[in-house]
Amino acid sequence: FFFFLDYNVTFTCDKKYVVASSGTLTEENAIDGLIERKYLMQNTRSFALVLSEKFKTLNENYNGIDITYYYYNDQNAQGSLEYTKKSIDYFTNTFGAYPYKTYAVVQTKFIQGGMEFPALVMISDNLEEKAYGEVIVHETAHQWWQTTVGNNEVEYGFLDEGLAEYSVVLFYENHPEYNLSRQLLIKSAEETFKVF
């Protein structure tokens with residue numbers, strides 16, 4: 001949980017798949033109907049991949065970060081990309097520089113909410129549009145809380161989850177265009193806790 005490693009990953013799959021990765025694609029080779037891809041990611045806690053035949057992508061280089069949004073069912077894909085850029089921008093200005101060259105936000109069949117990895121986050125396709133943006137902000141906050149400032153997520157998950165949730169509150173307080181106040185976010189969290 002606390003080690004930073006360099007990953008040099010070689011991954012081969014059918015060419016029909018679009019691959020979302022937490023690393024930088026350094027090489028691609030066609031081999032008998034398959035594609036071999038090589039990825040590099042340095043000084044990080046883990047490496048992740050997500051594959052789909054259905055992915056569409058939006059890509060933008062934003063302040064030197066290659067951001068890619070992978071999705072298959074998002075009527076507001078551009079809005080999701082904007083959420084990503086605004087959250088990276090806000091957290092960089094508030095907590096320090098984003099630590100990687102790439103960032104992949106990936107819509108998946110994830111059971112609820114989302115899941116964070118260094119430079120790649122999964123966002124559940126089973127969310128309402130308003131909650132979808134909140135989850136993008138929350139998972140992006142994890143790039144600072146747990147990915148950069150580490151903790152044992154299994155035993156002390158309340159540390160990075162608490163900091164990520166507080167970061168969401170700060171984000172919305174500084175982005176009034178989304179009409180989500182601190183009081184509304186706290187009320188929503190309390191209601192979720194009671195249901196749990």
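Cut-offs and rules
Residues numbered from 1 in each chain as written. Predicted model: local features only at pLDDT ≥ 70, side-chain atom pairs only at ≥ 80, totals over all residues. Heavy atoms only, no water. Helix = DSSP H or I, 4+ residues; strand = E, 2+ residues; numbered from the N terminus. Expected span 1.5 Å × (residues − 1). Buried < 20%, exposed > 50% of the residue type's maximum accessible area, 1.4 Å probe, protein only. Contact = heavy atoms within 4.5 Å. Pairing = 2+ DSSP bridges. Axes fitted to C-alpha atoms, helices over the stretch in contact; angles between N-to-C directions. Salt bridge = Lys/Arg side-chain N within 4 Å of Asp/Glu carboxyl O. Core = buried A, V, L, I, M, F, W, Y, C linked by side-chain atoms within 4.5 Å. Parallel < 35°, antiparallel > 145°, perpendicular 65-115°, else oblique. Nonpolar A, V, L, I, M, F, W, Y, C, P; charged D, E, K, R; others polar. Phe/Tyr/Trp six-rings, centres within 6.5 Å; stacked < 30°, edge-to-face > 60°.

## Side note on helix α3 (residues 157-173)
Now for step 1: Between the first and last C-alpha of α3 there are 24 Å, a value that for 17 residues agrees with the 24 Å anticipated at 1.5 Å per step.
Now for step 2: Among the residues making up α3, those that are buried are Gly157, Asp160, Ala164, Ser167, Val168, Val169, Leu170, Phe171 and Tyr172.
Now for step 3: Looking at the buried side of α3, the elements it contacts are α1 (77-95), β9 (114-117), α2 (129-141) and α4 (182-195).

## Focus: the sheet that holds strand β6 (residues 56-62)
Now for step 1: Taking strand neighbours across the sheet as the criterion, the 5 strands line up as β6-β7-β8-β10-β9 in an open arrangement whose pairing is mixed. Each of the sheet's edge strands pairs with one partner strand only, and the pair in question is β6 and β9. The sheet shows a mean angle of 15° between the axes of neighbouring strands, direction not considered.
Now for step 2: Contacting β7 (65-71), β8 (102-108), β9 and β10 (120-124), α2 crosses the sheet at an angle of about 155° to β10.

## Focus on the pairing of β9
A regular strand places its side chains on the two faces of the sheet in alternate fashion.
Now for step 1: Only one face of β9 is buried, namely the one carrying Gly114 and Glu116, since none of Met115 and Phe117 on the opposite face is buried.
Now for step 2: Examined bridge by bridge, β9 and β10 share 4 bridges and lie antiparallel to one another. Paired with glycine 114 across the bridge in β10 is isoleucine 123.

## Looking at the pattern of salt bridges
Now for step 1: Following the criterion strictly, the structure yields 7 salt bridges and no others.
Now for step 2: Across the salt bridge formed by glutamate 28 and arginine 37, the nearest N and O atoms sit 3.1 Å from each other.
Now for step 3: For glutamate 60, the salt bridge is made with lysine 85, and the minimal N-O distance between the two is 3.0 Å. Here the residue glutamate 60 occupies a position in strand β6, and lysine 85 occupies one in helix α1, the gap between them amounting to 25 residues.
Now for step 4: Glutamate 60 gets classed as partly exposed once you look at its relative accessible area, which sits at 26%.
Now for step 5: Salt bridges linked by common partners bring Glu60, Glu82 and Lys85 together as one network.

## Focus on the nonpolar core
Now for step 1: Tyr98, Tyr103 and Tyr172 are the most contacted members of the largest nonpolar core, which has 39 residues in total.
Now for step 2: When residues of this core are traced back to their parent elements, those giving at least two are β1 (5-14), β4 (34-44), β7, α1, β8, β10, α2 and α3.
Now for step 3: Non-local contacts of tyrosine 98, meaning those with residues more than four positions away in its chain, are made with Ile65, Ile88, Thr92, Tyr103, Ala119, Gln143 and Trp144.
Now for step 4: Membership of the second largest hydrophobic core comes to 9 residues, among which are Ala20, Ala48, Val50 and Phe55.

## Regarding the packing of α1 against α3
What describes two packed helices is the angle between their axes and the distance between those same axes.
Now for step 1: Where α1 contacts α3, the axes come no closer than 11 Å and their chain directions differ by 105°. Classed by the angle they form, the pair α1 and α3 counts as roughly perpendicular. Judged by residue contacts, Tyr83, Lys86, Ser87, Tyr90, Phe91 and Phe95 of α1 engage Ser167, Leu170, Phe171 and Tyr172 from α3.
Now for step 2: Residues belonging to the contact of α1 with α3 are distributed by class as follows: 7 nonpolar, 2 polar and 1 charged.

## Description of the environment of glutamate 36
Now for step 1: Tracing the backbone through its elements, the reader meets glutamate 36 in strand β4.
Now for step 2: With relative accessibility at 17%, the residue glutamate 36 sits in the buried group.
Now for step 3: Measuring from C-alpha to C-alpha, the distance between glutamate 36 and phenylalanine 11 comes to 5.7 Å, with 25 residues separating the pair along the chain.
Now for step 4: Leave out the neighbours within four places in its chain, and glutamate 36 touches Thr10, Phe11, Thr12, Glu27, Glu28, Asn29 and Ile31.

## What to know about α2
Now for step 1: With 13 residues, α2 should reach 18 Å at 1.5 Å per residue; the first-to-last C-alpha distance of 19 Å fits that figure.
Now for step 2: The complete set of buried residues in α2 reads Tyr132, Gly133, Val135, Ile136, Val137, His138, Glu139, Thr140 and Ala141.

## Comments concerning the packing of aromatic side chains
Now for step 1: Evaluated as defined, the whole model comprises 21 aromatic pairs.
Now for step 2: Their ring planes at 25° and their centres at 6.1 Å tell us that tyrosine 7 and phenylalanine 47 sit as a pair that is stacked. Highlighted residues: tyrosine 7 in strand β1 and phenylalanine 47 in the loop between β4 and β5 (49-52), separated in sequence by 40 residues.
Now for step 3: The class of tyrosine 7 is partly exposed, set by a relative accessible area of 22%.
Now for step 4: Put simply, the rings of Tyr83, Tyr90, Phe91, Phe95, Tyr98, Tyr100, Tyr103, Trp144, Trp145, Phe171, Tyr172 and Tyr178 touch in pairs and so form one group of aromatic residues.

Keep in mind that these numbers describe shape and distance, not what the molecule does.
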